[in-house]
Every structure is written in C-alpha cells, then in structure tokens.
Amino acid sequence: EQLLATYYTLLDRSLGFVRLRIPDGRLLTLPSVMSADGERFSTDRDFTWWIKGQSGFLQQRDSEGAWRITVQNCDPESEQQSPQ
C-alpha cells in the first residue's frame with residue numbers, strides 16, 4: 001500500500017498542513033497540531049497523521065470512537081514534489 005503525503009506551510013508560517021492520499025483513494029487535508037513528540041496533523045475527529053523521525057502512521061477513529069492505526073511504517077520513498 002502507498003500513502004502520498006504532501007506538506008504545505010503558509011507564507012507567514014502561521015499554519016502548516018498535510019494533504020494525504022490514502023490507500024483507498026480518499027484525499028485528506030489535515031492541519032498541523034501541537035505534539036509533544038514528532039509532528040502531528042489532525043482534525044481530531046476522524047484522522048490523525050503522525051511523523052516520528054523518518055516514519056509515519058495514520059490513525060482513524062473506529063465506530064466506537066477509539067483511535068486505531070490503519071496505515072503504519074510509512075517511510076519516505078523520495079523527496080520529489082507531487083503534481084498539483
């Protein structure tokens with residue numbers, strides 16, 4: 001499975017966000033949020049994308065509201081920019 005993550009920051013650096021294309025084809029846009037460890041992007045409703053070191057993982061809430069890791073061990077393939 002592949003997950004495509006593209007990172008953006010506003011010019012004034014007031015907001016960072018990630019656009020994810022997840023394995024089922026959906027496109028998510030998640031803002032950067034406070035994190036004690038690593039980088040976290042989340043709406044805190046349905047999805048959270050975590051980066052710790054060079055690896056990342058995606059969490060999704062299940063039907064009972066608990067967070068579950070749905071895609072893990074995501075390591076970068078390249079530093080290329082994706083087409084817009």
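Up top you'll find the structure we're talking about.
Let me begin by describing the structure that accompanies this report. (Residues numbered from 1 in each chain as written. Predicted model: local features only at pLDDT ≥ 70, side-chain atom pairs only at ≥ 80, totals over all residues. Heavy atoms only, no water.)

Description of the pattern of salt bridges
As a reminder of what qualifies: Definition used for salt bridges: Asp or Glu carboxyl oxygen within 4 Å of a side-chain nitrogen of Lys or Arg. Each residue gets one of three labels from its accessible area relative to the maximum for its type: buried under 20%, exposed over 50%, partly exposed in between, using a 1.4 Å probe on protein chains only.
Counting across every chain of the model gives four salt bridges. Put simply, Asp-44 and Arg-40 hold a salt bridge, and the shortest N to O gap is 3.1 Å. Of the charged contacts, one joins Asp-62 and Arg-68 as a salt bridge, the two residues approaching to 3.1 Å between their closest N and O atoms. Given the relative accessible area of 45%, Arg-68 is considered partly exposed.

A closer look at the packing of aromatic side chains
Defined as follows: Aromatic rings from Phe, Tyr and Trp, taking only the six-membered ring of Trp, are treated as a pair when their centres fall within 6.5 Å; an angle between ring planes under 30 degrees marks them as stacked, one over 60 as edge-to-face, and anything in between as tilted. For a ring to carry a charge above it, either NZ of a lysine or CZ of an arginine must fall within 6 Å of the ring centroid while also lying within 35 degrees of the normal to the ring plane.
The full count for this structure, using the stated rule, is three aromatic pairs. Arranged with centres 5.2 Å apart and planes meeting at 20 degrees, the rings of Tyr-8 and Phe-17 form a pair that is stacked. By relative accessible area, Tyr-8 is classed as partly exposed at 26%. Plain terms: the ring middles of Trp-50 and Phe-57 are 6.3 Å apart, the flat faces sit at 15 degrees to each other, and that makes the pair stacked. Assigned by exposure class, Trp-50 and Phe-57 land together as buried. The ring of Trp-50 is capped by Lys-52, whose NZ or CZ atom sits 5.0 Å from the centre of that ring.

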